[in-house]
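Residue-level listing of the chains:
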Amino acid sequence: MMTNLVQFPRLGLELEIDRVAFTLGNMNIYWYGIIIAAGLLLALAFAFHYAADFGVDADRLVDVVLVGTVCAIVCARAYYVAFAPFKYDSIWDMINLRDGGIAIYGAVIGAAVFGGLACKWRKVPVLPTFDLVAMGFLIGQGMGRWGNFFNQEAFGTNTNSIFGMYSRSTHEYLAQWQSTLAEQGVTVDPSMPVHPTFLYESIWCFVGFFALWAFMKKRRYNGQIALLYAVWYGAGRFWIEGLRTDSLLIPGVGLRVSQVVALVGVVAGLVLLAVLGKKYKNVPFQVQLAVSGDTLKQARAAGLTDAQIASIAGKLPVGASHAAFAAQTAQITQTNWAARAAALAEENAPADENAPEAVEQPEASEE
């Protein structure tokens with residue numbers, strides 16, 4: 001079904017939407033893909049803009065993002081396929097993303113694991129990168145959920161709330177799965193409005209993004225924003241997942257996979273936030289400034305160690321302005337590394353033990 005008349009009865013809204021944005025030859029380009037891509041681009045724009053504020057080199061971040069994005073998509077699909085409530089007929093069906101079926105938590109796990117490995121490979125600080133990417137995730141997730149609106153998917157059970165939504169797609173889906181949902185203890189009426197859970201999650205993610213953005217300059221240690229993301233998104237997802245009618249279930253158990261993962265994330269995140277919050281309570285937090293790849297090569301060629309390079313690059317208080325981080329990071333590229341290496345060598349040079357000692361001259365007598 002490509003077109004849908006979507007109604008919000010209590011709001012008095014009726015919208016006719018088409019899943020297809022445009023056609024190239026015989027290929028339909030769907031709004032879902034366009035919106036997901038737009039969310040990804042906005043997330044990347046944010047990450048590259050604020051990379052300096054987290055001590056992350058934007059050039060090397062490109063490689064991390066490429067690896068993390070590809071692996072996130074693969075893992076999102078693998079996660080969905082692993083818990084899908086039906087069997088796929090072929091390998092092609094398993095990898096065919098055009099028919100839908102990706103899981104956000106699979107993407108988050110894939111990005112964390114393989115993005116972290118890519119950070120190690122490209123010598124990018126892991127925890128600051130996780131902080132930066134976590135905020136980008138909220139942008140991408142908040143926007144990407146609107147792709148579900150155009151597909152008329154990821155909705156919930158019946159509701160009488162002001163946001164209740166109805167369309168032919170929601171009716172047909174609930175009619176098809178009504179008996180299965182009843183076995184799970186969920187009673188639905190296909191002719192009634194449903195929770196637009198994609199809308200709830202989109203709002204939740206955008207609120208979380210702006211809250212973390214406001215907190216960004218007040219963080220106390222690397223990794224704090226990533227933990228706050230895990231708690232915030234997990235709490236919202238646990239609640240919202242409970243409303244949905246298309247949840248992936250753990251085979252043989254009947255628990256909703258995303259609720260279990262969300263609960264684990266919330267509990268682990270709260271414990272770590274409490275422990276680390278106590279540890280860094282009165283410790284001033286400064287951000288180690290990033291050194292670009294080319295500049296790092298020049299500094300190493302001058303004979304400097306990574307520790308010496310980091311010391312010369314310096315740090316800034318976490319609360320410093322973005323302009324200060326950008327200016328100081330740019331200034332690092334202008335450093336005369338050969339001169340700095342020579343100066344350090346001179347400072348650390350041992351005294352010459354064979355040098356003749358100065359002979360004390362007798363004072364002239366007064367006449």
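What comes next is a walk through the structure.

Rules and cut-offs
- Residues numbered from 1 in each chain as written.
- Predicted model: local features only at pLDDT ≥ 70, side-chain atom pairs only at ≥ 80, totals over all residues.
- Heavy atoms only, no water.
- Pairing = 2+ DSSP bridges.
- Helix = DSSP H or I, 4+ residues; strand = E, 2+ residues; numbered from the N terminus.
- Buried < 20%, exposed > 50% of the residue type's maximum accessible area, 1.4 Å probe, protein only.
- Arc of directions from axis to C-beta.
- Contact = heavy atoms within 4.5 Å.
- Salt bridge = Lys/Arg side-chain N within 4 Å of Asp/Glu carboxyl O.
- Disulfide = S-S within 2.5 Å.
- Core = buried A, V, L, I, M, F, W, Y, C linked by side-chain atoms within 4.5 Å.

Bridge count between strand E3 (residues 20-24) and strand E4 (residues 27-30): four bridges; the pairing is antiparallel. Considered in E4, the bridge of Thr23 is made with Asn28.

Regarding helix H11 (residues 306-313), the residues found buried are Ile309, Ile312 and Ala313. Viewed end-on, H11 has its buried residues packed into an arc of 100°, placing them on one side of the element. Exposed and facing more than 90 degrees away from the buried side of H11 are Ala307 and Ser311. In the core, the buried residues of H11 are packed alongside strand E5 (286-288), helix H10 (293-301), strand E6 (315-317), helix H12 (322-332) and helix H13 (337-348).

This part covers the pattern of salt bridges. Taken as a whole and judged by the stated rule, the model has nine salt bridges. Here Asp63 makes a salt bridge to Arg122, at a shortest N to O gap of 2.7 Å. You can see Asp63 sitting in helix H2 (residues 58-83) and its partner Arg122 sitting in helix H4 (residues 104-122), a full 59 residues away along the chain. Residue Asp63 is classed as partly exposed on the basis of its relative accessible area of 24%. Classification of Arg122 as partly exposed rests on a relative accessible area of 24%. Counted as one network, the salt bridges with shared partners bring together Arg145, Glu201, Arg237, Glu241, Arg244 and Asp246.

Right, let's talk about the state of the cysteines for a bit. The final tally for this structure, using the stated rule, is zero disulfides. Take Cys75: it sits in no disulfide, and the sulfur closest to it among the cysteines is that of Cys71, at 6.2 Å.

Generally speaking, soluble globular proteins have nonpolar side chains that are buried together. Residues Phe46, Phe54, Leu61, Leu132, Met135, Met216 and Tyr229 are the most contacted members of the largest nonpolar core, which totals 36 residues. Counting only elements with at least two residues in this core, the list comes to helix H1 (31-50), H2, H4, helix H5 (126-151), helix H7 (197-215), helix H8 (224-241) and helix H9 (257-279). Ala52, Leu296, Phe325 and Ile332 belong to the second-largest nonpolar core, a separate cluster that totals 18 residues.

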